[in-house]
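# Breakdown of the fold
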Amino acid sequence: MTPQRILVVGAGHVGLYTALRLSRKLKAREAEVIVVDPQPHMTYQPFLPEAAAGSIAPRHAVVPLRRELRRCTILAGEVTRVEHERRVATVQPIVGPSREVPYDHIVLVPGSVSRTLPIPGLRENAVGFKTLGEAIYLRNKVLEQLDVAATTTDPATRARALTFVFIGGGYAGIEALAEMEDMARDALRYYPELRADEMHWVLVEATQRILPEVDPDMGAYTVQQLLKRNLDIRLGTRLESCVDGVVRLSDGDSFAADTIVWTAGVKAHPVLERTDLPRDGKGRLTCMATLQVTGPGERTVEGAWSAGDCAAVPDLTKEPGALCGPSAQHAVRQAVRLADNLAAVIRGQAPIPYRHKYAGSVASLGLHKGVAQVYGIKLRGLPAWFMHRSYHVSRIPSWNRRIRVVIDWTLALFLRREVVALGELHSPRQSFTEVTPPVTR
Ligand SMILES: Cc1cc2nc3c(=O)[nH]c(=O)nc-3n(C[C@H](O)[C@H](O)[C@H](O)COP(=O)(O)OP(=O)(O)OC[C@H]3O[C@@H](n4cnc5c(N)ncnc54)[C@H](O)[C@@H]3O)c2cc1C
């Protein structure tokens, strides 16, 4: 038997787990697994808020691909086109010309990107919160703003530096907002020049509720907790513009802010537009519950598989037509089913449909604070926060990562977390270029 070539596009939650399982299940004579991702690591996104808040070292919130996927071939690059008809993907390596990679099966799982809107000033002034780079940038930015405010003699500059705006009240936005505010409040102990009530943390949410993943009473509890912390929660409000950092809201209010974070949802990765595979109206690959891509009339597209944020997968635990939501919870479980199904198909066996009843959500609202609703059980405050940490540490791939994360938490418990801005990281060559004269001939 000639080994089947399996091309995994994207080594995120789905890609990493799928590749790992396939490489363990299938013998070298059955298949070779090639993994393409521009990043050398999988990012465990649920830990981004804690990495931004300094409770976890940034490198411990990621899983190195070459360390975990030793039996796979890793290609550092981006897939820019998929011609499934020809069974060929075009890969743009991180250096050099692009090349075509033929395959027998493709696992197309590039995830999602921030879903943005054409709002004036957004592109120039806001940052997303989906990548490790964005999370660490935001951490440094928030801490840097405390230095700006503590140093300036201009009241307007001080107010602007201390205004932090988050747009979007899903779990990513709420966790990012709550963790950042908690960290900044903690940092204020070292800033005698600043008072906590001078900070203006704003949440802008277009609908009338936050955390749609949990019941309305848990969303309302979260709002109450944030209001107690003096956060400015604007429900039923939209961002209209933020040109030059002047935030204009649909409720008529307007103020200046140096920090604007966009966390208003995700959409399927745009690379899917450059494939000949069937997609739904939201740009997601249409899939069957077996995680095989499916065309019109539920016709299976042989050799094409998908799951996670970029796939429309039926949720068999709900009413017909319901789809699995974009979450790590579904992504990692779908990855296991996908790998088992792909291995089964290669061995001439039948694939099994994916079925998982969404267990609920856990969200951290800063140190020792949280909200959780799992299998109908509702937890608030410290127990919820503890559940959040235990759940995610059990989910991040590999014991190596788990041990590192627990050590980070323990160190922060006894030594307090570090609250220093390392903004220099974002322009590392500046000091060198300043002292190196240009060569003129
Ligand atoms: C801040 C934050 C907090 C979250 N917290 C939770 C939580 O508490 N619970 C929960 O269930 N979910 C949570 N999520 C959602 C969860 O992380 C996602 O649903 C999950 O990551 C989806 O997995 P995926 O494999 O589809 O995509 P991803 O994990 O995003 O992986 C996609 C991969 O594809 C790669 N890629 C992209 N384009 C290409 C290309 N052209 N070629 C090759 N590779 C490519 C990317 O580099 C990436 O590695 C959170 C998300 C965020 C942003």
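Above: the structure in question.
On a predicted model such as this, the values are computed, not experimentally measured, just so you know. (Residues numbered from 1 in each chain as written. Predicted model: local features only at pLDDT ≥ 70, side-chain atom pairs only at ≥ 80, totals over all residues. Heavy atoms only, no water.)

## Points about unusual backbone geometry
Backbone geometry follows two general trends: most residues other than glycine have a negative phi, and most peptide bonds adopt the trans configuration. Residues other than glycine seldom take positive phi values, yet arginine 87 does so here, at roughly 55°. Residue arginine 87 is classed as partly exposed on the basis of its relative accessible area, which comes to 28%. Despite not being glycine, leucine 211 has its phi angle at roughly 45°, a positive value. (Buried < 20%, exposed > 50% of the residue type's maximum accessible area, 1.4 Å probe, protein only.)

## Structural notes on the layout of surface pockets
Quantified by volume, the second largest pocket comes out at close to 410 Å³. In this structure, the second largest pocket is lined by 19 residues; those nearest its centre are Gly54, Ile56, Ala57, Arg139 and Glu418. For the lining of the second largest pocket, the secondary-structure elements that each account for two or more residues are α5 (132–151) and α11 (399–415). Top contributing element to the lining of the second largest pocket by residue count: α11, with four residues. (1 Å grid on protein atoms, 1.4 Å probe; cavity = no way out; pocket = protein on both sides within 12 Å on 5 of 7 lines; lining within 4 Å. Points joined across faces, edges and corners; volume = space filled by probe spheres on them. Helix = DSSP H or I, 4+ residues; strand = E, 2+ residues; numbered from the N terminus.)

## With respect to the pattern of salt bridges
Considering all chains together, one arrives at 26 salt bridges under this definition. Residue glutamate 32 is joined to arginine 5 by a salt bridge in which the shortest nitrogen-to-oxygen separation is 2.9 Å. Taken together, the residues glutamate 32 in strand β2 (residues 31–37) and arginine 5 in strand β1 (residues 4–9) connect sequence positions 27 residues apart. For arginine 185, the salt bridge is made with glutamate 181, and the minimal N-O distance between the two is 2.7 Å. (Salt bridge = Lys/Arg side-chain N within 4 Å of Asp/Glu carboxyl O.)

## Describing the site of the ligand
Near the ligand, the surroundings consist of 31 residues, among which His13, Asp37, Gln45, Asp309 and Ala328 are the closest. A distance of 2.9 Å separates an oxygen atom of the ligand from a polar atom in the backbone of alanine 328. In isolation the ligand offers 1000 Å² of accessible surface; the protein chains occlude 91% of this area. (Near = heavy atom within 4 Å. Polar contact = N/O pair within 3.5 Å; in protein donor to acceptor, adjacent residues only side chain to side chain. Areas by Shrake-Rupley, 256 points an atom, 1.4 Å probe, with all protein chains shown as cover.)

## Things to note about the sheet that holds strand β8 (residues 105–108)
Pairing is mixed across the open sheet formed by eight strands, whose spatial order is β7-β6-β5-β2-β1-β8-β21-β20. Each having just a single partner strand, β7 (99–102) and β20 (292–295) make up the two edges of the open sheet. With direction set aside, neighbouring strand axes in the sheet form an average angle of 50°. For β1 and β2, the ladder comprises six bridges, and the chain directions are parallel. Paired with isoleucine 6 across the two strands is valine 33, which belongs to β2. On the sheet, helix α1 (residues 13–25) packs against β1, β2 and β8 and is oriented at approximately 160° with respect to β2. Sheet contacts for helix α9 (residues 328–346): β1, β2, β8, β20 and β21 (299–305); angle to β8, the most-contacted strand, approximately 170°. (Pairing = 2+ DSSP bridges. Axes fitted to C-alpha atoms, helices over the stretch in contact; angles between N-to-C directions. Contact = heavy atoms within 4.5 Å.)

## Quick word on helix α8 (residues 216–228)
With 13 residues, α8 ought to run about 18 Å at 1.5 Å a step, and its terminal C-alpha atoms sit 18 Å apart, in line with that. All buried positions along α8 are accounted for by Met218, Gly219, Tyr221, Thr222, Val223 and Leu226. Contacts from the buried residues of α8 go to α7 (171–187), β13 (232–235), β24 (370–374) and β25 (377–380). Asparagine 230 sits one or two residues past α8 and shows a positive phi near 75°. (Expected span 1.5 Å × (residues − 1).)

## Quick notes on the packing of aromatic side chains
Counted by the stated rule, this structure contains four aromatic pairs. Judged by centre distance (4.1 Å) and plane angle (20°), the ring pair of phenylalanine 164 and tryptophan 201 falls under stacked. Highlighted residues: phenylalanine 164 in strand β11 (residues 163–167) and tryptophan 201 in strand β12 (residues 200–205), separated in sequence by 37 residues. Assessed through its relative accessible area of 0%, phenylalanine 164 is described here as buried. Looking at tryptophan 201, the relative accessible area reads 2%, which means it is buried. Through a chain of ring-to-ring contacts, three or more aromatic side chains come together here, namely Tyr44, Phe47 and Trp409. Directly above the aromatic system of tyrosine 221 lies the positively charged group of arginine 380, at a separation of 5.3 Å from the ring centroid. Just above the ring of tryptophan 399 sits the side chain of arginine 402; from NZ or CZ to the centre is 4.8 Å. (Phe/Tyr/Trp six-rings, centres within 6.5 Å; stacked < 30°, edge-to-face > 60°. Lys NZ or Arg CZ within 6 Å of the ring centre and 35° of its normal.)

## Overview of the environment of cysteine 287
By secondary structure assignment, the location of cysteine 287 is in the loop between β19 (285–286) and β20. Taking C-alpha positions, cysteine 287 is 7.7 Å from tryptophan 305, a pair spaced 18 residues apart along the chain. Each residue touching cysteine 287, except ones within four places of it in the same chain, is listed here: Gln292, Val293, Thr294, Ser306, Ala311, Ala312, Val313 and Pro314.

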